[in-house]
Amino acid sequence: MILKEGSTRGFRAYGAKHLDDLLRRGGLGDDERLRIRAVATVLPFRTNAYVVDQLIDWSAIPDDPIYRLVFPQADMLPEADVTRLAGLLSTGAPNAQIQAAAHEIRMRLNPHPAGQLDLNVPRVGAEPVPGMQHKYAETVLFFPKQGQTCHAYCTYCFRWAQFIGEPDLKFASDDVDNLVGYLKNHPQVTSVLFTGGDPMIMSESVLRRYLEPLLELEQIESIRIGTKSLAYWPQRFVSDPDANDTLRLFASVVDAGKNLAFMAHFSHPREMESPIAEAAVAGILATGAVIRTQAPLIRSINDDPAIWSGMWRRQLTMGMVPYYMFVERDTGPQDYFAVPLARAYEIFRDAYAGVSGLCRTVRGPSMSATPGKVCVDGVAEIAGQKVFVLHLIQARDSELVGRPFFARYDPQAVWLTDLRPAFADRFPFDPPAISEPFVPFETAMASQRLPA
Ligand SMILES: *Cc1c(COP(=O)(O)O)cnc(C)c1O
Ligand code: SF4
């Protein structure tokens, strides 16, 4: 049961068909609204009445960070594309023509970054197991079929392709037996991470069907739920009809001896200010679950050290544990939101310097790239050469975890693929060069020069 508009108390979703009215309310002119609608034919748009009425400061648009978090911006896509789509919309072109143009633009936006479709999908024999990713030995990601939407969509979402009706880009499963079977065959897996979309879009009865079978498995030490519901719909844990049942379900996971971790996505301190968000956090913590927090660093939304230190301190006082600062992935409107790695590192360091050790559980800035999670530890001058110091927090090849390596300093680089090794002819995760020219790992994967 995917959440239908209005199917829980007070939840009201807004989609593309409401966009024009919402923007009108915000006082935007005809041309601006048309261009924003043009962008929304390519990228998903969804928000809800709580976000619109309680989180966004409409007197501060278009700069308001929560407005930018959920509303498409006219300049998020190349100008020529927006003009072309706006033209189709304003001349009343047939929907099929608009969709074809939108599809073509999407295909230029790297819809499945970091080899998600092919590289991390587990196989039983030659058969791919849908709805799962197994990239790091100890953790399996599971995409429950009913959890593949969110209470609102982030404009920078790296999973944006899932939310558009591009059927071959979707991967999700409703087969929990398959998951359990896979785990039994892979006893090294100790952690299952439910992700989406947002698993907390599911009702308690559906969520229970996924969680309960895992409680029987001794090998499972932790169950994680990746969610932005604490920001976008905290009512889920407070006033929704199944809020109490949901909290009881969480308590039963903890009672079964598992660590239940909420991987809560907060992009801005504003999301934690509302009394209902506070009540939701308190309710979840009272079940014995842990809330760890993470978000990407996004230009024009949270690219300021004071925002991050404010977030981490607020999270600490609310009983949450700061966990990751991510670098915006190489997909969708990355050009629009990207913060250069050199700047990302400065923002992280300045924020980190301003908080107590209790907040320094956070790690980053981290890139979830094909070889693993690559952390930018800093910029240094070594033997007269300016370099990035990096390490893998997580790696496909666990041998590489935690070993420092270096890249040539490049103030413009925004992603791992922009970096070139320093003091070496390849990165530790690149294949050894056998009299071949240097080929970065991701390029090699993309051009099928390596077996997956
Ligand atoms: C981040 C991530 C995990 C979890 O990694 P931790 O370091 O344990 O938080 C698991 N799988 C994938 C694909 C990930 O990107
Ligand atoms: S909540 Fe997560 S999955 Fe949903 S739109 Fe935002 S980033 Fe994407």
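Residues numbered from 1 in each chain as written. Chains lettered and ligands numbered in written order. Predicted model: local features only at pLDDT ≥ 70, side-chain atom pairs only at ≥ 80, totals over all residues. Heavy atoms only, no water.

Peer 1: When you look at the site of ligand 2 in this model, what are you seeing that I'm missing?
Peer 2: Taken together, C150, Y153, C154, C157, F163, G197, K228 and H265 are the residues near ligand 2. Each residue belonging to the shell around ligand 2 can be placed in one class, and the counts come to 5 nonpolar, 2 polar and 1 charged. (Near = heavy atom within 4 Å. Nonpolar A, V, L, I, M, F, W, Y, C, P; charged D, E, K, R; others polar.)

Peer 1: It is not clear to me how the pairing of strand β13 (residues 372-382) should be interpreted in this structure. Could you clarify?
Peer 2: Regular strands place their side chains on alternate faces of the sheet. Two strands pair when backbone bridges link them, and strand β12 (residues 363-369) and β13 are joined in this way by 4 bridges, in the antiparallel orientation. The residue of β13 that forms the bridge with S366 is C375. Linking β12 back to β13 in an antiparallel pair, the connection comprises 2 residues. When β13 meets strand β14 (residues 385-395), the two strands line up antiparallel, connected through 10 bridges. Within β14, the residue paired with V379 across the bridge is F388. (Pairing = 2+ DSSP bridges. Helix = DSSP H or I, 4+ residues; strand = E, 2+ residues; numbered from the N terminus.)

Peer 1: Which parts of the structure should I look at to understand the site of ligand 1?
Peer 2: Near ligand 1, the surroundings consist of K135, Y136, T139, L141, R224, Y323, Y324, K373 and Q394. In this structure, an oxygen atom belonging to ligand 1 sits 2.8 Å away from a side-chain N or O atom of Y324. Coverage of ligand 1 by the protein amounts to 87% of the 380 Å² it exposes when considered alone. Of the residues that constitute the shell around ligand 1, the class distribution is 4 nonpolar, 2 polar and 3 charged. (Polar contact = N/O pair within 3.5 Å; in protein donor to acceptor, adjacent residues only side chain to side chain. Areas by Shrake-Rupley, 256 points an atom, 1.4 Å probe, with all protein chains shown as cover.)

Peer 1: I tried to follow helix α10 (residues 243-255) on my own but got confused; where do I start?
Peer 2: Because an α-helix packs 3.6 residues into every turn, residues spaced three or four apart end up facing the same way. Look at α10: 18 Å from first C-alpha to last across 13 residues, which is about the 18 Å you get at 1.5 Å a residue. If you check which residues of α10 are buried, you get A243, T246, L247, L249, F250 and V253. Projected down its long axis, α10 carries its buried residues within an arc of 155°, all on one side. For α10, the exposed residues set more than 90 degrees away from the buried face come down to N244, R248 and D255. Lining the buried residues of α10 we find α8 (204-215), β8 (222-227), β9 (259-265) and α11 (275-285). (Expected span 1.5 Å × (residues − 1). Buried < 20%, exposed > 50% of the residue type's maximum accessible area, 1.4 Å probe, protein only. Arc of directions from axis to C-beta. Contact = heavy atoms within 4.5 Å.)

Peer 1: Is there a simple way to explain the packing of helix α2 (residues 30-42) against helix α5 (residues 79-90) in this structure?
Peer 2: Taken N-terminus to C-terminus, the directions of α2 and α5 make an angle of 100°; their axes are 8 Å apart at the nearest point. Considering the angle they form, α2 stands roughly perpendicular to α5. Residue-level inspection shows L34, R35, R37, A38, V39, T41 and V42 of α2 in contact with α5, the latter providing E79, V82, T83, L85, A86, L89 and S90. Counted by class, the contact of α2 with α5 contains 8 nonpolar, 3 polar and 3 charged residues. (Axes fitted to C-alpha atoms, helices over the stretch in contact; angles between N-to-C directions. Parallel < 35°, antiparallel > 145°, perpendicular 65-115°, else oblique.)

Peer 1: I would appreciate a short explanation of the sheet that holds strand β6 (residues 139-142) in the present structure.
Peer 2: Hydrogen bonds between backbone atoms are what pair the strands of a sheet, whose relative direction is either parallel or antiparallel. Taken in spatial order, the 11 strands line up as β5-β6-β7-β8-β9-β10-β11-β12-β13-β14-β15 in an open sheet, and their pairing is mixed. The open sheet has two edge strands with one neighbour each: β5 (132-136) and β15 (405-408). Here the strands of the sheet are splayed against their neighbours by 30° on average, with no regard to which way each runs. Contacting β8 and β9, α10 runs over the sheet at an angle of about 130° to β9. Packed on one face of the sheet, helix α14 (residues 341-353) meets β10 (290-297), β11 (321-327), β12, β13 and β14 and runs near 145° to β12.

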